[in-house]
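Remarks on the overall topology
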Amino acid sequence: MSKIGIRTDANEMIATGHVMRCLAVADALREIGEKPVFIAADDAPRSLVYSRGHEFVSLGTDWRNLEDETNQIQEAVKKYGLKAMLVDSYSATRAYLEELQRMLPVMYIDDLGKEVYGIESLVCYANFWKKFAYEKKYKNTKLCLGMEFAPLKKEFSLCSKKEIKEIPENLLLLSGGTDPYHALEKILKGIALERWRRIDVVCGKYNVDYRKLQYEYAAQKRIVLHQNVTNILELMQKADIAISAGGVTLYELCAVGTPTISYSFADNQIDNVVQFAKDGLIAYAGDMRESKVTAEIFHILAESYTNKKERKRRSQKMQEKVDGKGAGRIADVLKEVVMF
């Protein structure tokens, strides 16, 4: 058994997406006999990591300035006997990653393509990975490219073919770890409630509207609010249609095969949602920072509601593209790095 470090962060500013995809890889590493050790700038992700039974180390540093933590992370590498490091952070710079690489083999999860890094391996599971021309830029780095490397929890690899109903009954609303533009509140205000038997609303850990929505919709029995969910797969499987922000959640919905309408609220989501729309997998309604997005969501939703054939086509294509085994593939590459 080798110990493999996972350097990532989560907080009110960056939400939980990085940690959640790293947890999927950590679970896969444990399955193949490796020991993941999470390393973060502060204690914010500790409870999430502990909930999955993994080791956690807080460096007591600033998550925005990773180059300043070189001494602390070097100590952690020595103390825990780490043999490789997975890094998932937008704050990671070329200088930081290459300094780490001098200590031990480094794998970096990248979806920005800003620089070429002198590291052991690189993962870009984003559906728009081709725009970065990685294969031309990297010669001696192991590349893990495409949606087959989307790091999802193991249960997403076990999904059966999605049943598409004639008339959808269950709607699922998601916004990710945060909801800075109050998307869930805006969508709920415009939904034709009488069309739905049940509407599940998933509020992320850092969603500031959760209590407000609980109060406003306490009398609406068909609206069920959730926070800190542990059964997201079950909710996705029950849903006939989902409305979701961009990010890892869209890959999960693909694995389940739930017809989905997406929106964005951050620049780093736009390539993702636009590519899903271009590929004919997930309809894109627009950027929540613009005023007309909710109207477009309702327009697409009305069309999807009555078009079973299109929902079925999209569902089948989604499951063909994402099989839910990406975390295992990443774990296998990390193990190869350790072995050699």
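Preceding this paragraph is the structure being described.
Considering the packing of aromatic side chains
As enumerated under the stated definition, the model contains eight aromatic pairs in all. Between W196 and Y305, the aromatic rings sit 5.4 Å apart at their centres with planes inclined by 80°, giving edge-to-face as the arrangement. Taken as a pair, W196 in the loop between α6 (183-190) and β9 (198-203) and Y305 in helix α11 (residues 293-306) lie far apart in primary sequence, 109 residues in all. Put simply, the rings of F128, F132, Y134 and Y138 pair up and form one aromatic cluster. Here the guanidinium or amino end of R195 rests over the ring plane of Y305, the centre of that ring lying 4.4 Å away.

Notes on the pairing of β9
Where burial is concerned, most of β9 is hidden: five out of the six residues are buried. Relative to β9, strand β8 (residues 170-174) runs parallel, the two being bridged by five bridges. Residue pairing in the sheet places L174 in a bridge with V202 of β9. Two elements, β9 and strand β10 (residues 223-227), share five bridges in a ladder whose sense is parallel. Residue V201 lies in a different strand from β10, and its bridge partner there is L225. Between the parallel elements β9 and β10, the chain passes through helix α7 (residues 210-216) in a crossover that is right-handed.

Quick notes on the pattern of salt bridges
Between side chains of opposite charge, a pair can form when the charged atoms approach closely. Counted under the stated rule, the structure contains 26 salt bridges. For D27, the salt bridge is made with R52, and the minimal N-O distance between the two is 2.8 Å. Taken together, the residues span a long stretch of sequence, with D27 in helix α1 (residues 17-31) and R52 in the loop between α2 (46-51) and β3 (55-58) at a distance of 25 residues. You can call D27 buried: its relative accessible area is 18%. According to the relative accessible area criterion, R52 is buried, its value standing at 16%.

Details of unusual backbone geometry
You will see that A133, though not glycine, has its phi angle at about 50°, which is positive. Locating A133 in the fold gives a position in the loop between β6 (121-124) and α5 (134-137). Residue class for A133 comes out partly exposed when judged on its relative accessible area of 31%. Phi is positive for N228, which is not a glycine, with a value near 55°. Looking at where N228 falls in the secondary structure, it is placed in the loop between β10 and α8 (232-238).

Quick notes on the rules
- Residues numbered from 1 in each chain as written.
- Predicted model: local features only at pLDDT ≥ 70, side-chain atom pairs only at ≥ 80, totals over all residues.
- Heavy atoms only, no water.
- Phe/Tyr/Trp six-rings, centres within 6.5 Å; stacked < 30°, edge-to-face > 60°.
- Helix = DSSP H or I, 4+ residues; strand = E, 2+ residues; numbered from the N terminus.
- Lys NZ or Arg CZ within 6 Å of the ring centre and 35° of its normal.
- Buried < 20%, exposed > 50% of the residue type's maximum accessible area, 1.4 Å probe, protein only.
- Pairing = 2+ DSSP bridges.
- Right-handed = clockwise from strand over helix to strand, strands pointing away.
- Salt bridge = Lys/Arg side-chain N within 4 Å of Asp/Glu carboxyl O.

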